[in-house]
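Summary of the model geometry
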Amino acid sequence: MPDAEDVKQEILQKYPAKVAKKRAKSMVVNDPEAGQEIQANVRTIPGIITQRGCTYAGCKGVVLGPTRDIINLVHGPIGCSFYAWLTRRNQTKPPTEQSENFMTYCFSTDMQDSNIVFGGELKLKEAIREAYAIFKPKAIGVFSTCPVGLIGDDVHAVSKEMQEELGIKIFGFSCEGYKGVSQSAGHHIANNQIFKHLVGLDDEVKGGKFRINLLGEYNIGGDAFELERIFDEVGISLVSTFSGNSSIDQFTNAHTADLSAVMCHRSINYIAEMLEKKYGVPWIKVNFIGAEATAKSLRKIADYFGDTELTAKVEAVIAKEMPEVNAIKDVVKKRSEGKIAMMFVGGSRAHHYQELFNEIGMSTVSAGYEFAHRDDYEGRHVLPGIKVDADSRNIEELEVQKEDEKYRADLVAKKTKLSESGYRFSDYDGMMPEMKKGSLVIDDISHWETEKLIEYYKPDIFCAGIKEKYVVQKHGIPLKQLHSYDYGGPYAGFKGAINFYKDIDMQLNSKVWKMIKAPWENEPELVGSVAYAEY
Ligand code: CFM
């Protein structure tokens, strides 16, 4: 294994001095004991070939995308919609065939040059009226794209006016692509607007005895279906999911849950915090990626409720699921043990998926997020020390007050009691404390850095997205997409772990990687003969 410090220096050497100085702060040779700092959530250096997305992507695609019964209307040129149309593999299952499901549609105002010059608000109003006339939805979200922000169309005023005219929920998102340094800003904007316009509207307490919100689970490749199956079996009711396989009615009701369980901390911690501040609903960090992690998270939820029947059910389900998991794991492990992985993805999976690789005896020698913040790397304890720069100040910070009538004093008391006995609330340790000493952590990795890592480490598998996939595979190294799952999945929960072991086994051990060199690369001299006849 190469020395990570050497690799880092080699990578930096090629950069101009100013760039090298900046990139050096985003590349850390990990020491889990040392409490190191990493630079994250800052602007990408122009020209560096980042894998990040835009603020609009984080808002419209990531957080609102998986909700089936809201019309997500994009105010902007058609390209923004075309790119976002079904490119994220979040699935949904409407309760009946008649139930609303707008997810397969693509709604856009299709702005033209004249709308940019003379303003697009009229066109937006027409589009809202048209969408309403055709679909009669109960809610419409309006998403701003870059040109809308540049010309100053007021999507909020238009939404308000249209809400009055049509009598349904209509609200806007100032999620212009350039608004933040990455899609992360879009998560925050989406969280704010959902919280402002939907959460807390429906006070009816529904479901069974153990009622939770699952936050930061987006049903990629059917992950939510597997988790719903497990929760069903153990007898936990999902009041809401933000936002895999969700409906907006769930959001309006989320404040009635007894606990929020947070999967993807990066994209949804704002709602977790606001739910607690306004309504007293505590939150815990969970992870359902990996069979062991799933068992651990289920036990943590059961411990919160402290009910012997629930605990027994959780244990029974774990005992029922694990033999099959272990059987497949043992077979795969024989072929995967000791191999090395790298993962550069998003804002939570580069951490969570290390669990799954550990389970089959593989280790992650280098990893990083595209757009996470320091707390996702170093743990939430660094939050008070994070400098708020101009780019972050650009995003509204909602002022949330305690709502006395709906505030759950019982849950607050429960939290205090459990905390005293060592139960951890409102916390996330981040990726770095869980990675090995000497591993290389890189934020917002560039193309050049990716190629260098491959050259030095020659990993057995590289995990990233479609933008990297074929470049990496041309090096003869399999790439597993952790955004779309390469059209496989689910990978969450117990059944998901089995799917993942099998898919990784197939990729690692495919013979195709040995055939990647063309014959003339092995034997550069071509020998042939020519027949020649003279007439
Ligand atoms: Fe959270 Fe996500 Fe992710 Fe994310 Fe994403 Fe995604 Fe992701 Mo792609 S919300 S941070 S913005 S877990 S779309 S479902 S896979 S980059 S690691």
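Let me begin by describing the structure that accompanies this report. (Residues numbered from 1 in each chain as written. Predicted model: local features only at pLDDT ≥ 70, side-chain atom pairs only at ≥ 80, totals over all residues. Heavy atoms only, no water.)

**Comments concerning empty space enclosed by the protein**
The full count for this structure, using the stated rule, is two cavities of 30 Å³ or more. Computed from the structure, the largest cavity encloses a volume of approximately 70 Å³. Lining the largest cavity, in full, are Lys22, Arg23, Ser26, Gln39, Val42, Arg43, Thr44, Ile45, Ile48, Arg52, Asp443 and Asp444. Split into classes, the residues belonging to the lining of the largest cavity amount to three nonpolar, three polar and six charged. (1 Å grid on protein atoms, 1.4 Å probe; cavity = no way out; pocket = protein on both sides within 12 Å on 5 of 7 lines; lining within 4 Å. Points joined across faces, edges and corners; volume = space filled by probe spheres on them. Nonpolar A, V, L, I, M, F, W, Y, C, P; charged D, E, K, R; others polar.)

**Notes on unusual backbone geometry**
With an omega dihedral of -5 degrees, the bond running from Phe242 to Ser243 counts as a cis peptide bond. Of the consecutive residues Gly489 and Pro490, the connecting peptide bond is found in the cis state with omega at -5 degrees. Along the chain, Pro490 falls in the loop between strand 14 (479-481) and helix 21 (493-508). Here the phi dihedral of Asn41 falls at roughly 55 degrees; this positive angle occurs in a residue that is not glycine. (Helix = DSSP H or I, 4+ residues; strand = E, 2+ residues; numbered from the N terminus.)

**Side note on the environment of Ile328**
Position of Ile328 among the secondary structure elements: in helix 14 (residues 308-336). Here the alpha-carbon distance between Ile328 and Gly489, two residues 161 residues apart in the chain, equals 16 Å. Setting aside anything within four residues of it in sequence, one finds Ile328 in contact with Ile498, Tyr501 and Lys502. (Contact = heavy atoms within 4.5 Å.)

**Some thoughts on the nonpolar core**
Of all hydrophobic cores here, the largest spans 107 residues; its most connected members are Ile301 and Phe357. Not counting residues within four places of it along the chain, the set of residues in contact with Ile301 comprises Ile212, Phe231, Ile236, Leu259, Ala261, Ile284, Val286, Phe288 and Tyr423. Residues Ala4, Tyr15, Ile340 and Leu479 belong to the second largest nonpolar core, which totals 25 residues. (Core = buried A, V, L, I, M, F, W, Y, C linked by side-chain atoms within 4.5 Å. Buried < 20%, exposed > 50% of the residue type's maximum accessible area, 1.4 Å probe, protein only.)

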